[in-house]
Amino acid sequence: MKTIRLTAAQAMVRWLANQQAEDGTRFIEGIWAIFGHGNVAGLGEALHGARDVFPTWRGHNEQTMAHTAIAYAKASKRRKVMAVTTSVGPGATNVVTAAALAYVNRLPVLIIPGDVFANRAPDPVLQQVEDFADGTVSANDCFRPVSRYFDRITRPEHIITALPRALRVMTDPADCGPVTLAFCQDVQAEAYDYPESFFTPKVWRIRRPEPDQAELEAAIAAIKAAKKPVIVAGGGVIYSGAEAALASFAAEHGIPVVETQAGKSALAHDHDMNFGPVGVTGSSSANIVCEGADLVIGLGTRFQDFTTGSWSLFKNPARKILAINVQAYDASKHGAMSLVADARVALERLGAALKGVRFALPDAKLKSEWAAAKAAVKAAPAAGNELPTDMQVVGAVQRASTPATVVMGAAGTMPGELHKIWDAAQGGYHMEYGFSCMGYEIAGALGIKMARPDADVVCMVGDGSYMMANSELATAVMMGVPFTVVITDNRGYGCINRLQKHTGGAPFNNLLDDAYHVNPSAIDFVAHAGSMGARAVKAGSVAELEAKIVEMRGGAVPSVIVIDTDPMPSTAAGGTWWEVGVPEVSVRESVRAARVKFEENKQKQSIDG
Ligand SMILES: Cc1ncc(C[n+]2csc(CCOP(=O)(O)OP(=O)(O)O)c2C)c(N)n1
Ligand SMILES: [Mg+2]
């Protein structure tokens, strides 16, 4: 056997650089790194040696550079990924939130945190978490519950088994998620005679599981027996590349499609079969269809509470749920009839068996009424002194958008409003709403633009999320990756303030003025973003915002446009109940009233299974 003597870190990097996506490009596009003790000497030296074939990028925060990697994978429909490496201790635990985000959203990312010495000679090292009862525990054990595969590399030859397992998980459509390979720092630097064959380039094809025959037949029978079916399209449609198959299946059989946050833009907003966004942040058109449906066909959806209205949305007492999902866990939720399969394959198999089966589409008026409701809240405001609403901001961004626009976000007011009222071109929507993690926005925009250089990426971020994490803006400037950031400054956590009010709470600790302060907070976002090298301006009105988006598009660095908005309004039309725990006893009358409403709504909840 021919061997080559390399350190474990050199071997890992060489192996990673040789893994290919189906299109022949690197499956792992490159690695985000913040060095420290635990990765600078071992992995750092190896990455330097491979820098011409495997790029290393420097971020400003481990969590957000992982967000960039995750957004890149999402925008690549899980066909390509990025890796992230950190030092021992705080660098590593900074990534735990991002790992959880990837875990929830079923998105692949390869996390390689440095770990303590396998030989334990210098223990306790700087940043070592000492477990009094377990000698095998390190800070990296925090990754276990939020990794689809976790391994600790305590011998150089471990990578020969660990790395293929890591790639297996990231390319498995059902198990897909974050992988953590905690890499002991002494082991990174140890040499070993690796078999040459280990480094043979490999193409990782993503399989398309076929349905089980009996499940398929039961699904066909259920659809044939239905009178008012609806398809709830989730992120799985997009990851499967099933958009065109869905469009033709829906059109052929007359089945309306509604879209979740992750599924939005599977069909263009104006596609005949697209009845709009579903659920808590959904349209009246989609929700009315869902309320009456006798067969709810989940296609690549996790049935998160925002989709199901905490299981109060599907009101037809005779309703059945058919869950088509590549992951059996999701396909068997809430007593659903399961069809475990790839979304595209499932649609093809169902379509072949349902030739000639056609349902009457819901009244098209539902769609025109929703279009009017959207247009009303998005219309440019009449000139005046009032602060614009976030919906009017969305309207301005919409009018300034192009067919190449990908609007994105994660937390705050924007995800709900964008899901409801944004008219997305096919593929023009990217929302991280599995974890809805504040601070994903700017880092995520960078990842999307790296995956889709031709896209016009528009990042919608509130002042709160911007304050939580913004420093990858400096990275985007440094790397020359441009996108547009719209900061809606409503001086606080507007959506949570509204939720607080809605549940009877006093305005408390959300808007900056309602929080303990000695000096009123007045943050200059233009100066802040400008200090990182972005082209930053303030828009004094919705009209100015619209003009500036167009004017600043196409620069070499990100542009940031700040606009003051009113924290109070949100789109009243559409939507459905969302369960939030309202106190059963309270001295506040408004809480007691909210509790009464809560109990009424609880009656509408129907949980199968
Ligand atoms: C990391 C994280 N912490 C807390 C939350 C809960 N949360 C959701 S939205 C929000 C406020 C967001 O404020 P901002 O970005 O200004 O948006 P706004 O609602 O004001 O438009 C908070 C605290 C979260 N989603 N993520
Ligand atoms: Mg805000």
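This report concerns the structure included in the present document. This structure is a prediction, so every number in the text was calculated from the model and none was measured.

## Description of the environment of Asp 115
Working step 1: Position of Asp 115 among the secondary structure elements: in strand 6 (residues 109-115).
Working step 2: Taking the C-alpha atoms as reference points, Asp 115 and Ala 139, separated by 24 residues in sequence, lie 8.0 Å from one another.
Working step 3: Discounting residues that sit within four places of it in the chain, Asp 115 has contacts with Gly 38, Val 88, Ser 138, Asn 140, Arg 152, Ala 182, Phe 183, Cys 184 and Gln 185.
Working step 4: Of the polar contacts made by the side chain of Asp 115, one reaches the side chain of Arg 152; its length is 2.7 Å.

## What to know about the packing of aromatic side chains
Working step 1: What the rule picks out here adds up to twelve aromatic pairs.
Working step 2: Ring centres of Trp 32 and Trp 57 lie 5.2 Å apart, and the angle between their planes is 45 degrees; on these two criteria the pair is classed as tilted. Note that Trp 32 is positioned in strand 3 (residues 28-33) and Trp 57 in strand 4 (residues 56-58), a separation of 25 residues in sequence. The residues Trp 32 and Trp 57 share a single accessibility class, namely buried.

## Examining the coordination of the magnesium ion (ligand 2)
Working step 1: Distances from the magnesium ion (ligand 2) to its protein donors, Asp 463 (OD), Asn 490 (OD1) and Gly 492 (O), fall at 2.0 Å.
Working step 2: Counting the intervening residues between successive donors of the magnesium ion (ligand 2) yields the motif D-x26-N-x1-G. Of this pair, Asp 463 sits in helix 19 (residues 463-468) while Asn 490 sits in the loop between strand 20 (484-489) and helix 21 (494-502), and the two are 27 residues apart along the sequence.
Working step 3: For Asp 463, a relative accessible area of 5% gives the class buried.

## What to know about the side chain of Asn 510
Working step 1: Tracing the backbone shows Asn 510 in the loop between helix 21 and helix 22 (525-531).
Working step 2: The residues touching Asn 510, leaving out its near neighbours within four places in the chain, are Gly 492, Tyr 493, Ile 496, Asn 497 and Gln 500.

## Description of the nonpolar core
Working step 1: Counting 58 residues, the largest nonpolar core has Tyr 466, Leu 473, Phe 483, Val 485 and Val 560 as its most contacted members.
Working step 2: With 42 residues, the next largest nonpolar core counts Val 13, Ala 73, Val 81 and Leu 110 among its residues.

Reading the values: the criteria
- Residues numbered from 1 in each chain as written.
- Chains lettered and ligands numbered in written order.
- Predicted model: local features only at pLDDT ≥ 70, side-chain atom pairs only at ≥ 80, totals over all residues.
- Heavy atoms only, no water.
- Helix = DSSP H or I, 4+ residues; strand = E, 2+ residues; numbered from the N terminus.
- Contact = heavy atoms within 4.5 Å.
- Polar contact = N/O pair within 3.5 Å; in protein donor to acceptor, adjacent residues only side chain to side chain.
- Phe/Tyr/Trp six-rings, centres within 6.5 Å; stacked < 30°, edge-to-face > 60°.
- Buried < 20%, exposed > 50% of the residue type's maximum accessible area, 1.4 Å probe, protein only.
- Donors = N, O, S within 2.8 Å, 3.2 Å for Na, K, Ca; no water.
- Core = buried A, V, L, I, M, F, W, Y, C linked by side-chain atoms within 4.5 Å.

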